[in-house]
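What follows is each chain in one-letter form.
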Amino acid sequence: MPDSQPQPPHSPSPSGPADRGSLLLCGARLTDGRTVDVRLHGGRIEAVGTAGSLTAARTSGSGTRVDLTGYLLLPAPAEPHVHGDTALTADTPGPVSYDPLDVQRRATEAVLLQLGHGATALRAHVRVGDVPGLGALTAVLRARRSLRGLAELTAVAMPRVLTGVAGADGLAMLRDAVKMGAEVVGGCPDLDPDPTGYVEAVLEVAAEHGCPVDLHTDAADPARLARLAVMAGGLRPGVTLGPCDGLGRLPADAASRAADQLAAAGVTVVCLPQGACGAVDPRDGTAPVRLLRAAGVRVAAGSGALRDVSNPVGRGDPLEAAYLLASRHGLRPEDAYDAVSAAPRAALGLPEVRVEAGFPAELLAVRGDRLAGALSLAYSRIVVHRGRVVARTSAVREYGDSTAGKDLGLPRQGRGGGHEGRPGGPGEAP
């Protein structure tokens, strides 16, 4: 009998129509050790049962099966901090092109790369004003439309200056950006001559339009951060700050007070374990994660720069971010993965995902049987968005002839890979 019974349908996500057929994920392992079948329909998890207890098709209609034997099934990651307008420009000679077609191409490729890693929802920070004007935002919004049904992309409008005479144009452009379709208002107050005035302007625009706020700051100035926390407290639908790596350079008592202030204000902190982005002083990008979590701050992990001048080798891989949180910052694998899945989904205003009936079918299957192993060697991945497979990555590892594996009883890698309907074929590496 199914462990989790069918649930009534919910309203669809704005990312596009859900797949109308049923999809049965067979033999997947869950983090609690169970091996289950999971049936998806209408963009949601319809039923979860012990392995072999569910059928692909419902009482009427068609169904498809995917064999996930050897895979660990997880809620899909979400990416809270990416710069699609400058992604993939590290090798570009001269200044970065902000031609809308170039930006759209880069933003689309960046989303597809990160979708392949498992992120089905992404928040892109986009510069407005100065050189790009509103052209880069227009391009990212076009990319969002073209990707509908594959991934859910939201845009943050980032003006450079908002105060004084020079800031008047930036403020007008920020309002125009929201009217165009930017769902979030943001920017970098540290770069404005009046950082407090910058934050006040952003919060004013956010309040006018009912938008979330997502600001870049290194949080190295405790007094400024305290004022920001007071201004942000109680704002709905919420305030996000990142990367806040300056907190780690403060004296311990000052950092602890700042963490308490952020927790009291309900602010989310997005750290960047894979390296900072170009909007702030490029340090290591990682806030004192354990201190913030102990204070009650919601901490999410993002990618930051994806192969631009700030980080020419940025991978944009949420599982790498979780690995770094576990290996360098001492988080348990479960908490590290939460920082790239549940926490960023909450920060992005998205519904919670669990591998249970009734929850959104936003899932990631990774080759392995334990979360720690998946964070270490998660090369093979299958990504599910709105109830259908939208990306597959299969890694094949082969060794030369040797008696070592046979003598020690180690598994041998066969030749050839998995096949449709059974991604975990004999030649597939983790």
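Residues numbered from 1 in each chain as written. Predicted model: local features only at pLDDT ≥ 70, side-chain atom pairs only at ≥ 80, totals over all residues. Heavy atoms only, no water.

A. Representation of the pairing of strand β15 (residues 363-367) in the model. Within β15, 5 of the 5 residues are buried, which leaves it mostly tucked inside the rest of the structure. The two faces of β15 match: Leu363, Ala365 and Arg367 on one face and Leu364 and Val366 on the other face are all buried. (Buried < 20%, exposed > 50% of the residue type's maximum accessible area, 1.4 Å probe, protein only. Helix = DSSP H or I, 4+ residues; strand = E, 2+ residues; numbered from the N terminus.)

B. A look at the packing of helix α3 (residues 164-180) against helix α4 (residues 195-209). Running from N to C, α3 and α4 point in directions that differ by 30°, and their axes come no closer than 11 Å. When the interaxial angle is binned, α3 and α4 end up roughly parallel. For the crossing formed where α3 meets α4, the hand is right-handed. Residues Leu171, Leu174, Arg175 and Val178 of α3 form the contact with α4, whose own contacting residues are Ala201, Glu204, Val205, Glu208 and His209. In terms of residue class, the contact of α3 with α4 is built from 5 nonpolar, 1 polar and 3 charged. (Axes fitted to C-alpha atoms, helices over the stretch in contact; angles between N-to-C directions. Parallel < 35°, antiparallel > 145°, perpendicular 65-115°, else oblique. Left-handed = near helix turned anticlockwise from the far one by under 90°. Contact = heavy atoms within 4.5 Å. Nonpolar A, V, L, I, M, F, W, Y, C, P; charged D, E, K, R; others polar.)

C. Up close: the side chain of His83. Mapped onto the elements, His83 comes out in the loop between β7 (78-82) and α1 (100-117). Within the structure, His83 has its side chain in polar contact with the side chain of His216 (distance 3.2 Å). (Polar contact = N/O pair within 3.5 Å; in protein donor to acceptor, adjacent residues only side chain to side chain.)

D. Geometry of helix α8 (residues 318-329). In this model, α8 (12 residues) spans 15 Å end to end at C-alpha, consistent with the 16 Å of a helix rising 1.5 Å per residue. Of the residues one or two after α8, Gly330 is the one with positive phi, at around 75°. (Expected span 1.5 Å × (residues − 1).)

E. Geometry of the pairing of strand β13 (residues 268-271). The alternating pattern of β13 places Thr268 and Val270 and Val269 and Cys271 on opposite faces, both of which are buried. The parallel pair strand β12 (residues 239-243) and β13, bridged by helix α6 (residues 252-265), forms a crossover whose chirality is right-handed. Where β13 meets strand β14 (residues 298-301), 4 bridges bridge the pair, whose relative direction is parallel. What sits directly across from Cys271, in β14, is Ala301. (Right-handed = clockwise from strand over helix to strand, strands pointing away. Pairing = 2+ DSSP bridges.)

F. A look at the nonpolar core. Among the nonpolar cores identified, the biggest contains 84 residues, and Val213, Leu241, Leu247, Leu262 and Leu292 are the most heavily contacted of them. In terms of residue count, α4 provides more of this core than any other element does, 7 residues in total. Counting residues in hydrophobic clusters, the runner-up holds 20 residues, among them Tyr71, Val355, Ala361 and Ala365. (Core = buried A, V, L, I, M, F, W, Y, C linked by side-chain atoms within 4.5 Å.)

G. Seen up close, the confidence of the model for the chain. Averaged over all residues, the pLDDT of the chain equals 87, while 85% of them reach at least 70. This stretch, residues 4-17, has a pLDDT under 50; its non-local contacts, to residues over four places away or in other chains, come to 29 contacts. The low-confidence segment residues 413-422 (pLDDT under 50) makes 25 contacts with residues lying over four places distant or belonging to another chain. (pLDDT = per-residue confidence, 0-100.)

H. Spatial organisation of the packing of α1 against helix α2 (residues 135-146). Where α1 contacts α2, the two axes come as close as 8 Å, and the packing angle between them is 45°. When the axes of α1 and α2 are compared, the pair comes out oblique. With respect to the hand of their crossing, α1 and α2 are arranged in right-handed fashion. For the pair formed by α1 and α2, the contact residues are Pro100, Val103, Gln104, Ala107 and Thr108 on the first element and Gly135, Ala136, Ala139, Val140, Arg142, Ala143 and Ser146 on the second. By residue class, the composition of the contact of α1 with α2 is 7 nonpolar, 4 polar and 1 charged.

I. Molecular detail of the side chain of Ser380. Assignment of secondary structure puts Ser380 in the loop between α11 (371-377) and β16 (381-385). There is a polar contact of 3.1 Å between the side chain of Ser380 and the backbone nitrogen of Ala395.

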